[in-house]
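# Residue-level structure breakdown
In case you want the letters, here they are:
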Amino acid sequence: MLDTVPAGVEIELARFFAAARLRASDYGEHYVALWDSLAQASSGGKRVRPALVLAAYAGFGGRDQGLVAPVAVSFELLHTAFLIHDDVIDRDLTRRGVANIAGRFSDRALAHGAAADQAGVWAAAAAILAGDLALSEAHRALAKLPVDVPTRLRLLDLLDRAVFVSAAGELADVTNSSARHPLTVAEVITTLENKTAVYSFEAPLQAGAVLAGAGADAISVLGRYGRLVGVAFQLTDDLLGVFGDPLKTGKSVTADLREGKQTALIAHAGSTASWSLIAPYLGKVDLNDDEAERAREYLRACGAKEAAEGLAYDHSRLAVEALDPAIIPAGLRASLIELAEAAVNRSR
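The structure contained in this document is the topic of the report that follows. Here the residue numbering is sequential within each chain, running from 1 through the sequence in written order. The model is predicted, so local features are restricted to residues of pLDDT at least 70 and side-chain atom pairs to those at 80 or more, both for listing and for counting; the totals for chains, interfaces and linings are taken over all residues. As a rule here, side-chain values come from all non-hydrogen atoms in the structure, and water together with hydrogens is ignored.

## Focus on the layout of surface pockets
A probe matching the size of a water molecule, rolled over the atoms, marks out where space remains unfilled. Quick note on the threshold: Any residue with an atom within 4 Å of a point lines the site, the site being either a cavity, points on a 1 Å grid over the protein atoms alone where a 1.4 Å probe fits but cannot get out, or a pocket, an open set with protein on both sides within 12 Å along at least 5 of 7 lines. Grid points are joined across faces, edges and corners, and a volume is the space filled by probe spheres set on the points. Secondary structure elements follow DSSP: runs of H or I of four or more residues count as helices, runs of E of two or more count as strands, with numbering from the N terminus. When residue character is reported, Ala, Val, Leu, Ile, Met, Phe, Trp, Tyr, Cys and Pro are called nonpolar, Asp, Glu, Lys and Arg charged, and the others, Gly included, polar.
Looking at the second largest pocket, its volume works out to about 520 Å³. Contributing to the lining of the second largest pocket are 20 residues, with F16, R23, E137, R140 and K144 lying nearest its centre. Elements that contribute at least two residues to the lining of the second largest pocket include exactly α1 (7-24), α2 (29-41), α4 (65-90) and α6 (116-143). Per element, the largest residue contribution to the lining of the second largest pocket is seven residues, and it comes from α1. Taken together, the residues of the lining of the second largest pocket break down into 13 nonpolar, one polar and six charged.

Following this line, the structure appears as structure tokens:
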């Protein structure tokens, strides 16, 4: 149920971008290029969030694909907006080895004769505006749904909470990197839950269930499951960011160490006698591959890798235990159990 997203979602996205590009043509070539870049940024993902919306909707008896598709698209555009803004915060010009919106507009600026500092302004402006446009459409898609007012307001409240909590998590993630001492594991978990789990797992599941008319108990259960599985997913993501295979993940295994990212790995290491050996490598902007490998060896030796893996599996297990079979339909429950297991048993 979660492996594929019906064509209706892709069609809805394609229709939205085609219409927006046509409107943009009245405002000049650069604006058309911005929409082309935004469409590109929204393509090629796993569509996890739309899949969760659709799974919860179908699990509670929803059958109107034309009604649920805009809700699924709303959460995918929310994800796109957050990724774009995240790249701005990190000052990245690429994502998974390909130029992102900022990178494309930096190149565009240089091609139009702009100086290097002007190209940086083009890059940041384009990315911020593109993220804002995606975020605006995420809200608009729900506001236009042909449903009763209470249902529409509940959906908008879920989206509002997702944005509000994720912004708090993003800010914490940035400020945590400047902390003088390692965070506690509890502080790391809170940041992961706020930054990613709420908008990526909790809100999409709850939105699909709300649209299908599920009861309050089911909405609450899906919320708890979503937060737990989202944390499990992110804990695994952070492990792959240090110990993964770049050829499979498409991510550097030194970037998180160079950045000084406060993860569960670092939180555990900070509580051990090995911290004085690890600390010099954390946040070292010119960290080379040999130094990164040495840091990984220390993280393994002090038990940080094993502890973070155990924490991820604990959250996955608790997520499954939250799925009360008396409340969650059997088909949906089976799919969510499979998702919880996949969240921690993956290489990318």
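## Remarks on empty space enclosed by the protein
If you walk through the whole model with that rule in mind, you get one cavity of 30 Å³ or more. By volume, the largest cavity amounts to about 40 Å³. The set of elements that each furnish at least two residues to the lining of the largest cavity consists of α11 (255-259) and α12 (264-269). Class assignment for the residues of the lining of the largest cavity results in five nonpolar, one polar and two charged.

## Examining the environment of V231
In plain terms, the rule: Residue contacts are defined here by distance: any two heavy atoms, one from each residue, within 4.5 Å place the two residues in contact.
Residue position: V231 is located in helix α9 (residues 216-243). Put simply, V231 and A197 are 34 residues apart on the chain and 5.9 Å apart in space, counted from C-alpha to C-alpha. In this view, V231 contacts I189, L192, E193, A197 and H315; residues no more than four positions away in its chain are not counted.

## Quick notes on the packing of aromatic side chains
Put simply, the test is: Here is the rule: rings of Phe, Tyr and Trp (six-membered ring for Trp) pair when centre to centre is within 6.5 Å. Planes less than 30 degrees apart are stacked, more than 60 are edge-to-face, and the remainder are tilted. Note on exposure labels: buried denotes an accessible area under 20% of the residue type's maximum, exposed denotes more than 50%, and partly exposed covers the range between, all computed with a 1.4 Å probe on protein chains only.
For the structure shown, the criterion picks out eight aromatic pairs. Ring geometry for Y27 versus Y31: centroids 6.2 Å apart, planes at 90 degrees, classification edge-to-face. Exposure remark for Y27: the relative accessible area of 64% places this residue in the exposed category. For Y31, a relative accessible area of 29% gives the class partly exposed. Following the ring pairs from residue to residue traces out a cluster consisting of F16, F17, Y27, Y31 and W35.

## Section: the nonpolar core
Definition in use: Here, nonpolar core means buried Ala, Val, Leu, Ile, Met, Phe, Trp, Tyr and Cys residues that are tied together by side-chain atoms lying within 4.5 Å of each other.
Counting residues in hydrophobic clusters, the biggest one holds 72 residues, and the most contacted among them are L78, I101, L211, Y225 and L336. Tallying contributions element by element places α4 first for this core, with 11 residues. Residues within four places of Y225 in sequence aside, it is in contact with L205, A319, V320, A322, L323, L336, L339 and A340. By size, the runner-up hydrophobic cluster in this structure holds 31 residues, among which are L235, V242, I266 and A308.

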